[in-house]
Amino acid sequence: MELPDFMNYAGKFSANDFTEKISRVAKRAGAKLVYAALILYYTLQSDKVSKTDKAIIIGALGYMISPLDGIPDAIPIVGLTDDMAVLVYVLKKVWTNVEPEIKDKAKEKLSKWFDEDEIAEIDDLFKA
């Protein structure tokens, strides 16, 4: 799968839109996508992350928020696969900047939408 130019979506990102989208699609998106998105969102708030990394995180989260992306989110089953690909791509790029506290905070937030079995899926975050 070729990744779209998600940096074109940086202007689509806002904290409010992110929170609204994640809340609305959490169950349909699955624990992996939500976990990846939350890690990027919390990493964005860190002062230990470079401006370059913050820019690509904003682009990825903007892509996820936008209803007009490579594969429209409304298409059942495949609609969020491009979002997941973009989030994982960016997450791999910034993974060394992700502190354990960020991972814990994201995992704690997952318990709002998912049960323990679903949360266990995040152990394979970088596997398709």
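Refer to the structure presented above.
Cut-offs and rules
- Residues numbered from 1 in each chain as written.
- Predicted model: local features only at pLDDT ≥ 70, side-chain atom pairs only at ≥ 80, totals over all residues.
- Heavy atoms only, no water.
- Salt bridge = Lys/Arg side-chain N within 4 Å of Asp/Glu carboxyl O.
- Helix = DSSP H or I, 4+ residues; strand = E, 2+ residues; numbered from the N terminus.
- Buried < 20%, exposed > 50% of the residue type's maximum accessible area, 1.4 Å probe, protein only.
- Axes fitted to C-alpha atoms, helices over the stretch in contact; angles between N-to-C directions.
- Parallel < 35°, antiparallel > 145°, perpendicular 65-115°, else oblique.
- Left-handed = near helix turned anticlockwise from the far one by under 90°.
- Contact = heavy atoms within 4.5 Å.
- Nonpolar A, V, L, I, M, F, W, Y, C, P; charged D, E, K, R; others polar.
- Arc of directions from axis to C-beta.

(A) Highlighting the pattern of salt bridges. On inspection of all chains with the given rule, the structure shows one salt bridge. Between K48 and E99 there is a salt bridge, with the nearest N and O atoms lying 3.3 Å from each other. With K48 in the loop between α2 (31–44) and α3 (51–65) and E99 in the loop between α4 (81–94) and α5 (100–110), the pair connects residues that are 51 residues apart, well separated along the chain. Note on E99: relative accessible area 26%, which makes it partly exposed.

(B) Here's a closer look at the packing of α2 against α3. For the pair α2 and α3, interaxial distance at closest approach is 10 Å and the crossing angle is 140°. Taken together, α2 and α3 sit at an angle that is classed as oblique. Seen along the crossing, α2 lies across α3 with a hand that is left-handed. Contacts between α2 and α3 pair L33, A37, L40, Y41, T43 and L44 from the former with K54, I57, I58, L61 and M64 from the latter. Looking at side-chain class alone, the contact of α2 with α3 contains nine nonpolar, one polar and one charged residues.

(C) Main features of α5. Of all the residues in α5, the buried ones are I102, A106 and L110. Considered in projection along α5, the buried side chains sweep an arc of 80° and stay on one side of the axis. Turned more than 90 degrees off the buried face of α5, the exposed positions are P100, E101 and E108. At its buried positions, α5 is contacted by α2 and α6 (116–119).

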